[in-house]
Amino acid sequence: KSWTDLIIPQEKPLFEQQWKDLCKECKALNLYYTLVHKDGHHIRVLLNATAKLDAKGKIVHTRGSVLDVTEKEAAEESLRNLALELNQQKRALEQKNSALREVLAQIEIEKNHIKDEVMANVEKLILPTLTKLRRRVKETDRQHLVLLEDNLKQLTSSFGRAIGEHQWKLTPKE
């Protein structure tokens with residue numbers, strides 16, 4: 001069989017054009033073709049060739065090398081597919097991270113709101129009630145109220161404010 005018999009039909013016009021170029025330039029570098037292997041499967045090859053011309057410009061002989069690049073191209077295709085998949089996973093993770101940041105921000109807002117409500121309840125309801133109770137109970141029971149008040153102050157002080165201290169509340173104009 002000749003070289004052209006091995007080339008798949010779809011690539012024969014390409015080969016014919018490149019053969020004409022080889023005849024003019026006396027060399028062909030890095031030309032890729034799909035060939036039909038003797039057992040029938042297709043292989044990708046890389047062709048590099050040179051031609052020697054006679055005095056009339058006709059080809060006397062050619063010399064070339066053919067390298068089977070089927071596995072190399074399959075590996076490159078696999079790498080491209082893996083890179084695409086990796087990029088898709090990266091985008092999905094970025095979206096999930098963004099959503100998670102939004103959820104965490106909302107949780108932080110809700111946590112601060114709960115802290116504010118607890119602080120307000122302790123300051124406006126519980127501590128004034130304890131103050132009133134302290135006036136009405138016996139001296140021995142006042143120690144329990146003081147202990148309760150101290151524990152509430154300690155508990156809510158972790159919220160970043162001191163209980164019982166006057167809070168400055170400014171109007172927008174101030």
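Worth saying up front: this structure is predicted, and the values here are computed from it rather than measured. Along each chain, the written sequence defines residue order, and numbers are assigned to residues from 1. The model is predicted, so local features are restricted to residues of pLDDT at least 70 and side-chain atom pairs to those at 80 or more, both for listing and for counting; the totals for chains, interfaces and linings are taken over all residues. To get the side-chain values, all heavy atoms of the structure are used, and hydrogens and water are removed first.

### Comments concerning the side chain of Glu-149
1) Next: Along the chain, Glu-149 turns up in helix H4 (residues 139-157).
2) Next: Excluding anything up to four places from it in sequence, Glu-149 contacts Leu-127, Leu-130 and Arg-134. What counts as a helix is a DSSP run of H or I of at least four residues, what counts as a strand is a run of E of at least two, and both are numbered from the N terminus. In what follows, a contact means two residues having at least one pair of non-hydrogen atoms within 4.5 Å.

### Observations concerning the sheet that holds strand E1 (residues 27-36)
1) Next: Two strands qualify as a pair provided that DSSP identifies no fewer than 2 bridges between them. One open sheet holds the 3 strands; their spatial order is E1-E2-E3, and the pairing between them is antiparallel. Edge strands, defined here as strands with exactly one partner in the open sheet, are E1 and strand E3 (59-68). Taking each pair of neighbouring strands and ignoring which way they run, the sheet shows an average axis angle of 30°.
2) Next: Pairing of E1 with strand E2 (residues 42-53) involves 8 bridges; the strand directions are antiparallel. Angular values range over 0 to 180 degrees, each being the angle between N-to-C directions of two axes fitted as lines to C-alpha atoms, with helices fitted over their stretch in contact.

### Details of the pattern of salt bridges
1) Next: When a carboxyl oxygen of Asp or Glu is within 4 Å of a side-chain nitrogen of Lys or Arg, the pair counts as a salt bridge. Taken as a whole and assessed by the stated rule, the structure comprises 9 salt bridges.
2) Next: A salt bridge links Glu-149 to Arg-134; its shortest N-O distance comes to 2.4 Å. You can see Glu-149 sitting in helix H4 and its partner Arg-134 sitting in helix H3 (residues 70-136), a full 15 residues away along the chain.
3) Next: Per-residue accessibility, obtained with a 1.4 Å probe over protein chains only, is compared with the maximum for each type, and a residue is labelled buried under 20%, exposed over 50%, and partly exposed between these values. The class for Arg-134 is partly exposed, based on a relative accessible area of 24%.

### Details of the nonpolar core
Side chains of nonpolar character tend, in soluble globular proteins, to be buried together.
1) Next: Membership of the largest hydrophobic core is limited to 12 residues, which are Ile-7, Phe-15, Leu-22, Ala-28, Leu-31, Tyr-33, Leu-35, Ile-43, Val-45, Leu-47, Ala-49 and Ala-51.
2) Next: If you list the elements that add at least two residues to this core, you get helix H2 (12-25), E1 and E2.
3) Next: For Leu-22, the residues in contact, after removing those within four places along its chain, are Lys-27, Ala-28, Ala-49, Thr-50, Ala-51 and Thr-62. Only buried Ala, Val, Leu, Ile, Met, Phe, Trp, Tyr and Cys residues count toward a nonpolar core, and they belong to the same one when joined by side-chain atoms within 4.5 Å.

### Quick notes on the packing of aromatic side chains
1) Next: Here the aromatic set is Phe, Tyr and Trp, taking the six-membered ring for Trp, and pairing holds for ring centres within 6.5 Å; pairs whose planes are under 30 degrees apart are stacked, those over 60 apart are edge-to-face, and all others are tilted. Taken as a whole and assessed by the stated rule, the structure comprises 2 aromatic pairs.
2) Next: Seen from their ring centres, Phe-15 and Trp-19 are 6.0 Å apart, and the 35° between their planes marks the pair as tilted. With Phe-15 and Trp-19 both in helix H2 and 4 residues apart, the pair spans about one turn of that helix.
3) Next: Given a relative accessible area of 8%, Phe-15 falls into the buried group.
4) Next: On the basis of relative accessibility, which here comes to 35%, the residue Trp-19 falls in the partly exposed class.
5) Next: Between Phe-15 and Tyr-33, the ring centres sit 5.6 Å apart and the planes meet at 70°, which makes this aromatic pair edge-to-face. Taken together, the residues Phe-15 in helix H2 and Tyr-33 in strand E1 connect sequence positions 18 residues apart.
6) Next: Tyr-33 gets classed as buried once you look at its relative accessible area, which sits at 0%.

### Structural notes on the pairing of E2
1) Next: Counted along the chain from E1 to the antiparallel partner E2, the turn is 5 residues long, and its residue Gly-40 has a positive phi close to 105°.
2) Next: With antiparallel pairing between neighbouring strands as the criterion, E2 and E3 make up a hairpin whose turn holds 5 residues, including Gly-57 at a positive phi of roughly 85°.

### Some remarks on a nonpolar patch on the surface
1) Next: To count toward a patch, a residue needs a relative accessible area above 30% and no salt bridge. Like charges then connect within 9 Å, nonpolar side chains (Val, Leu, Ile, Met, Phe, Trp, Tyr) within 5 Å. Using a 1.4 Å probe, accessible areas were evaluated by the Shrake-Rupley method; residue-level cover was limited to the displayed protein chains. Judged by side-chain polarity, Leu-100, Val-103, Leu-104 and Ile-107 come together as a nonpolar surface patch covering roughly 360 Å² of accessible area.
2) Next: Assignment of secondary structure puts Leu-100 in helix H3.

### As for H2
Residues spaced three or four apart along an α-helix point in a common direction, a consequence of the helix completing one turn every 3.6 residues.
1) Next: Across its 14 residues, H2 extends 20 Å between first and last C-alpha, which sits within 8% of the 20 Å expected from 1.5 Å per residue.
2) Next: Among the residues making up H2, those that are buried are Phe-15, Gln-18 and Leu-22. Buried residues of H2, viewed axially, fall in a sector of 70°; they line one side. Opposite the buried face of H2, by more than 90 degrees, sit the exposed residues Pro-13, Lys-20 and Lys-24. Multiply 1.5 Å by the residue count of a helix minus one, and that product is the helix's expected span. Taken from the helix axis, the directions to the C-beta atoms give the arc we talk about.

### Some remarks on the confidence of the model for the chain
1) Next: pLDDT is a per-residue confidence score from the predictor, ranging from 0 to 100. In this model, the chain carries a mean pLDDT of 85, and residues with pLDDT of at least 70 account for 90%.
2) Next: At the level of individual helices and strands, the chain shows its lowest average pLDDT in H4, which scores 82, and its highest in H3, which scores 92.
3) Next: This model gives residues 161-166 a pLDDT under 50, and the stretch forms 13 contacts once residues within four places in sequence are excluded.

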